[in-house]
Each structure stands twice: as C-alpha cells, then as structure tokens.
Amino acid sequence: MDPSSGNPVAPLEQALHAARALVLADLAAGDVAAADVVSMVEDSVVQRRWWVEQWPEGVAFVAGLVAQDVQDALLERYGRWPLCPVCGSGDPHALEVEPELGPDPHWVCHKAGVRVAAVGTLGGAVGGPPAS
C-alpha cells in the first residue's frame, strides 16, 4: 500500500492478528496451546511482520507462513504437529500447509492426497481432544 494513502499499517496488522488467531485456534483444537507454544506463535508473528514490511505483496501469505513457522518450532521441541486425523493406520504423520507460499492456506495430508481443513479450522477435522 502506498504510504501517502493514509494508514498503510492497518492491512498488515489485520493480517498478523488474523494469522495469530487462526494458528491459535488450530493449536487449541489439538490441545497444544500451552504458554511456551503461544510464545512460538508470537515469535513467528514478529518475524513475519518484518518479512511483510520488506515484501508488502506477501501480506496474503502470512497465515500459512505463521502456521508453518509454528509447525517447524514444535517439531524441533516436541514432535510432529498437527497429526493427520485422516489416516487411521501406519505411522503417525503430520499434515502440511499448502500452498507453501500463497493465499488461502490449508492443512493437507499428502499420504491420502486430501485437504483436511483450512488453517484455523482444524478443530472441525480433528473433533477436539481425544476422550481419556
């Protein structure tokens, strides 16, 4: 957006807040929204703010990138997330975000070749935390 056209920060902040909310919703659906995990989301949002400031055309890609950032951070610390709710047999595997760099990101199972849920709507696909 042209800085002379008023408030150029609003679309960026809107995109960042939306990305944060979508990823937090997916984390909560998997019951993994602990304080340290929420900090991973915040760290990603800070990094992606800088990224979009450098490349404003990338603002539509922020939600998918934040989801991927958090997925990568969780893999390093805890393991794969989110686990695929579609495949009932074989080794547990994580869903992936598609497109890797594009608008309208979805969680996809490459093993089954299906879209599982849009980023932010994973709760409907996983059915909430498992019964104990």
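Above this text sits the structure in question.
Participant: Sorry, what's going on with the overall build of the protein here?
Facilitator: Across its full length, the protein holds four helices and three strands. Secondary structure of the protein in N-to-C order comes out as α-α-α-β-β-β-α. Looking at the 132 residues of the protein, the share that counts as buried comes to 36%. For the protein, the share of sequence-separated contacts (at least 6 apart) that also reach a separation of at least 24 residues comes to 51%.

Participant: Got a minute to help me understand the pairing of strand E2 (residues 106-109) in this structure?
Facilitator: Residues in a regular strand point their side chains to alternate faces of the sheet. Alternating positions in E2 separate into two faces, His 106 and Val 108 on one and Trp 107 and Cys 109 on the other, with burial throughout. Pairing between strand E1 (residues 96-98) and E2: three bridges, direction antiparallel. Across the sheet, residue Glu 96 finds its bridge partner in E2, namely Val 108. With antiparallel pairing between neighbouring strands as the criterion, E2 and strand E3 (residues 114-118) make up a hairpin whose turn holds four residues, including Gly 113 at a positive phi of roughly 70 degrees.

Participant: For this particular structure, what's the right way to read the pairing of E3?
Facilitator: Relative to E3, E2 runs antiparallel, the two being bridged by four bridges. When the sheet's bridge partners are listed, Cys 109 is paired in E3 with Val 114.

Participant: I would appreciate a short explanation of the side chain of Gln 68 in the present structure.
Facilitator: You can see Gln 68 is positioned in helix H3 (residues 62-77). Beyond its immediate chain neighbours, meaning those up to four positions away, Gln 68 contacts Val 97, Pro 99 and Glu 100.

Participant: Would you mind showing me how to read the side chain of Arg 20 here?
Facilitator: Note on placement: Arg 20 falls in helix H1 (residues 9-29). Assessed through its relative accessible area of 17%, Arg 20 is described here as buried. For Arg 20, the residues in contact, after removing those within four places along its chain, are Val 41, Glu 42 and Val 45.

Participant: I keep staring at the packing of aromatic side chains and nothing clicks. Help me out?
Facilitator: Note on aromatic pairs: each is described by the distance of the centres and the angle between the planes. This structure, assessed with the given rule, holds three aromatic pairs. Between Trp 51 and Trp 55, the ring centres sit 5.2 Å apart and the planes meet at 80 degrees, which makes this aromatic pair edge-to-face. With 5.3 Å between their ring centres and 80 degrees between their planes, Trp 81 and Trp 107 make a pair best called edge-to-face. With Trp 81 in the loop between H3 and E1 and Trp 107 in strand E2, the pair connects residues that are 26 residues apart, well separated along the chain. Residues Trp 81 and Trp 107 agree in their burial class; the two are buried.

Participant: So what exactly am I meant to see when it comes to the packing of helix H2 (residues 35-54) against H3 here?
Facilitator: Interaxial distance between H2 and H3 falls to 9 Å at its minimum, and their mutual angle equals 135 degrees. Between H2 and H3, the interaxial angle falls into the category oblique. Crossing angle aside, the handedness with which H2 passes H3 is right-handed. Facing H2, whose interface residues are Asp 36, Val 37, Met 40, Val 41, Ser 44, Val 45, Arg 48, Trp 51 and Val 52, H3 presents Val 62, Leu 65, Val 66, Asp 69, Val 70, Ala 73, Leu 74 and Arg 77. Looking at the contact of H2 with H3 residue by residue, the class counts come to 12 nonpolar, one polar and four charged.

Participant: I'm lost on the sheet that holds E2 in this one. Help?
Facilitator: Through backbone hydrogen bonds, the strands of a sheet pair up, either in parallel or in antiparallel fashion. Judged by pairing direction, the sheet is antiparallel, and its three strands sit side by side in the order E1-E2-E3 without closing on themselves. Each end of this open sheet is capped by a strand with a single partner; those strands are E1 and E3. Neighbour-to-neighbour, the strand axes of this sheet turn through a mean angle of 40 degrees, independent of strand direction. In the packing of H3 onto the sheet, the strands contacted are E1 and E2, and the crossing angle to E1 comes to about 165 degrees.

Criteria and cut-off values
- Residues numbered from 1 in each chain as written.
- Predicted model: local features only at pLDDT ≥ 70, side-chain atom pairs only at ≥ 80, totals over all residues.
- Heavy atoms only, no water.
- Helix = DSSP H or I, 4+ residues; strand = E, 2+ residues; numbered from the N terminus.
- Buried < 20%, exposed > 50% of the residue type's maximum accessible area, 1.4 Å probe, protein only.
- Contact = heavy atoms within 4.5 Å.
- Pairing = 2+ DSSP bridges.
- Phe/Tyr/Trp six-rings, centres within 6.5 Å; stacked < 30°, edge-to-face > 60°.
- Axes fitted to C-alpha atoms, helices over the stretch in contact; angles between N-to-C directions.
- Parallel < 35°, antiparallel > 145°, perpendicular 65-115°, else oblique.
- Left-handed = near helix turned anticlockwise from the far one by under 90°.
- Nonpolar A, V, L, I, M, F, W, Y, C, P; charged D, E, K, R; others polar.

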